[in-house]
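Spelled out, the chains give:
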Amino acid sequence: MPTIPDAGPLRILPATDPYTLCLALVGDLDYEVGDAVLEEVRDALRGCDGVRSLRLNCRELEMADSTGLSVLLQLRRDAHEAGIGFHLDEMRPGLVRLLRVTGTHEYLTCAPSAGLPTEGEAAIDTGESGG
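Residues numbered from 1 in each chain as written. Predicted model: local features only at pLDDT ≥ 70, side-chain atom pairs only at ≥ 80, totals over all residues. Heavy atoms only, no water.

### Details of the pattern of salt bridges
Within this structure, the stated rule accounts for seven salt bridges. Across the salt bridge formed by Glu90 and Arg59, the nearest N and O atoms sit 3.3 Å from each other. One end of the pair, Glu90, is in the loop between strand 4 (85-89) and helix 3 (93-101); the other, Arg59, is in strand 3 (residues 53-64), with 31 residues separating them in the sequence. Residue Arg92 pairs with Glu62 through a salt bridge whose shortest N-O separation is 3.2 Å. Within this pair, whereas Arg92 is found in the loop between strand 4 and helix 3, its partner Glu62 is found in strand 3, the two being separated by 30 residues in sequence. A relative accessible area of 33% places Arg92 in the partly exposed class. With a relative accessible area of 53%, Glu62 lands in the exposed category. One network of salt bridges, with partners in common, ties together Glu39, Arg42 and Asp78. (Salt bridge = Lys/Arg side-chain N within 4 Å of Asp/Glu carboxyl O. Helix = DSSP H or I, 4+ residues; strand = E, 2+ residues; numbered from the N terminus. Buried < 20%, exposed > 50% of the residue type's maximum accessible area, 1.4 Å probe, protein only.)

Here you go:
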């Protein structure tokens, strides 16, 4: 099981299955913490054998700057290269706006048609179910 400090911008959440790593982004994802968050997520993934899905809960993410966006993009690329599904859960309006303005929304949030994501695709649960 990966170890991540209790305090800070990243927390481990209970997974729904043994093949999913669930992490919560907390506070700001910016220049000051971006590199540390990237390394902590990578370390957590290395510490979990057989992981098929990385879920990042963004409910408590207050703000993301360009460095934070870069971290999300790199994690999405890392997950794709490792054959791991990538999911952003419970995105707040500020993050959705950042992704739309920068043209990265589709890349980070498109649900795959079947199986693992293909190039340019990732899965998302915004918490805004339609019914």
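So that's the structure; there's more coming.
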